[in-house]
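# Descriptive analysis of the structure
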Amino acid sequence: MKHRLLLACLTTPGVVARVRGDFDAMVHEGPSDMTVPEMLAAATAHRADAILFTNTLPLDAAAVAGLPANVRAGATISVGYDHIDVAAAKARGLMVTNTPGVLDECTADHAMMLMLAAARRGAEYDRIMRQGWRRRIGQGELLGVRVTGKRVGILGMGRIGQAFARRARGFDMTVLYHSRTRLPPGLEQGATYYAGLHDMLPHCDFLSIHAPGGAATDKIVDARALALLPDGAVLVNVARGSLVDEDALFAALRSGKLFAAGLDVFRTEPDYDMRFAALDNVVLSPHMGSASMETRDAMGFRALDNLTEVLSGGPAIDPLWTH
Ligand code: 8YV
């Protein structure tokens, strides 16, 4: 007997094929991912044992409380889980897993793309070309800032932060970092650790954010933190919008305190603060850090590996909590 699965989000054809092959599945095919009420109704109708979803589904206490009794497991196709009320899931006996490890390289690539594009004005140049170019740009016009050899501060030195550091070293950058805990020397690879974020910021020509979202990091990059950066610094965020005070970021970008920013994540998604769209010195992307074909397959397969284990009575590969 196959286990009964509700696929509550849109995903790749490869993941959908495996869902259909391995499970007695209800596959959501709407124009966008299921909302919580849609998910709860579908889980009930399908008598689902498990739910496969992503960070577009806020699995808060009310959503957990509304789940039909037969749902035993949930797998989010994401490494971040700030959309899940872990305490509520744990109390309900719902095993929840995420997908760490498989998206590190692509997310770090995306951060590097945004860093280079923000520093070297990639989006502005693209807009000029689309408008026809037609006038030679003077030697002193539309200049970016140099990346190679500069200092980059990494906020959050987990797997993705470390993958970003590897790329930054390829650009001869000096790597500084702030994390809750210092890495062992083998992983630190010569990066300079700062126990206090504010102590690191004055030394960062670039700041790249890779820490998890949630209450502990909410608005950790606020007006005071931004003021501590050197004038003309560049900020990159592929982690969560919640880490940044967007009013303060907007002010710092408009005043020129920051040279530029590359933003993949926002405090409210998808209805992000469109003031940023009016700024030429911002490169924007719609939460696409992990969005390569290979990585989105790998994330979905990892989530399915987790559900297969849990539903057959084994331990989860990537449980959100261990005890
Ligand atoms: C999203 C992410 O999950 O893994 C995470 O935490 O933020 C992303 O990989 C992905 O964009 C699907 O929404």
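Up top you'll find the structure we're talking about.
These lines cover the structure that appears in this document, whether it is placed above or below. None of the values given here were measured: they were computed from a predicted structure.

The next subject is the site of the ligand. Every residue close to the ligand is listed here: Thr54, Asn55, Ile77, Ser78, Val79, Gly80, Leu103, Arg240, His287, Ser290, Arg296 and Met299. Within the contact set of the ligand, an oxygen atom lies 3.4 Å away from a side-chain nitrogen or oxygen of Thr54. Residue Gly80 places a main-chain N or O atom 2.7 Å away from an oxygen atom belonging to the ligand. In isolation the ligand has 330 Å² of accessible area, and contact with the protein removes 86% of it. Taken together, the residues that form the shell around the ligand break down as four nonpolar, six polar and two charged.

Sheet strands line up and pair through hydrogen bonds in the backbone, either parallel or antiparallel. Ordered by their spatial adjacency, seven strands build an open sheet running E8-E7-E6-E9-E10-E11-E12, and the pairing between neighbours is parallel. Of all strands in the sheet, those bounded by a partner on one side alone are strand E8 (192-193) and strand E12 (282-284). Against the sheet, helix H7 (residues 159-170) engages strand E6 (151-155), strand E7 (174-178) and strand E9 (206-209), with an angle of about 175° to E6. The strands touched by helix H11 (residues 246-255) are strand E10 (233-237), strand E11 (258-263) and E12; relative to E11, the strand with the most contacts, the crossing angle is about 135°.

Moving on, we come to the packing of helix H1 (residues 13-22) against helix H12 (residues 293-311). At a minimum axis distance of 8 Å, the contact between H1 and H12 shows a crossing angle of 20°. Taken together, the axes of H1 and H12 lie roughly parallel to each other. Judged by the twist between their axes, the crossing of H1 over H12 is right-handed. Two secondary-structure elements touch here, H1 through Gly14, Val15, Arg18 and Val19 and H12 through Arg296, Asp297, Gly300, Phe301, Leu304, Asp305 and Thr308.

Residue Glu269 is joined to Pro270 through a cis peptide bond whose omega torsion reads 0°. If you trace the backbone, Pro270 turns up in the loop between E11 and E12. Its identity as a non-glycine residue notwithstanding, Asp172 has a phi of 55°, on the positive side. A relative accessible area of 57% means that Asp172 is categorised as exposed. Unlike most non-glycine residues, Lys219 shows phi in positive territory, near 55°. Of note, Lys219 is situated in the loop between E9 and helix H10 (223-228).

Attention shifts here to empty space enclosed by the protein. Across all of its chains, the model carries two cavities of 30 Å³ or more by this definition. Approximately 40 Å³ is the volume attributed to the largest cavity. In terms of lining, the largest cavity is formed by Met39, Ile51, Phe53, Leu57, Leu59, Leu67, Val71, Ala73, Gly74 and Leu94. Looking at the lining of the largest cavity, the elements with two or more residues in it are strand E3 (50-53) and strand E4 (73-76).

Rules used in this analysis
Residues numbered from 1 in each chain as written. Predicted model: local features only at pLDDT ≥ 70, side-chain atom pairs only at ≥ 80, totals over all residues. Heavy atoms only, no water. Near = heavy atom within 4 Å. Polar contact = N/O pair within 3.5 Å; in protein donor to acceptor, adjacent residues only side chain to side chain. Areas by Shrake-Rupley, 256 points an atom, 1.4 Å probe, with all protein chains shown as cover. Nonpolar A, V, L, I, M, F, W, Y, C, P; charged D, E, K, R; others polar. Pairing = 2+ DSSP bridges. Helix = DSSP H or I, 4+ residues; strand = E, 2+ residues; numbered from the N terminus. Contact = heavy atoms within 4.5 Å. Axes fitted to C-alpha atoms, helices over the stretch in contact; angles between N-to-C directions. Parallel < 35°, antiparallel > 145°, perpendicular 65-115°, else oblique. Left-handed = near helix turned anticlockwise from the far one by under 90°. Buried < 20%, exposed > 50% of the residue type's maximum accessible area, 1.4 Å probe, protein only. 1 Å grid on protein atoms, 1.4 Å probe; cavity = no way out; pocket = protein on both sides within 12 Å on 5 of 7 lines; lining within 4 Å. Points joined across faces, edges and corners; volume = space filled by probe spheres on them.

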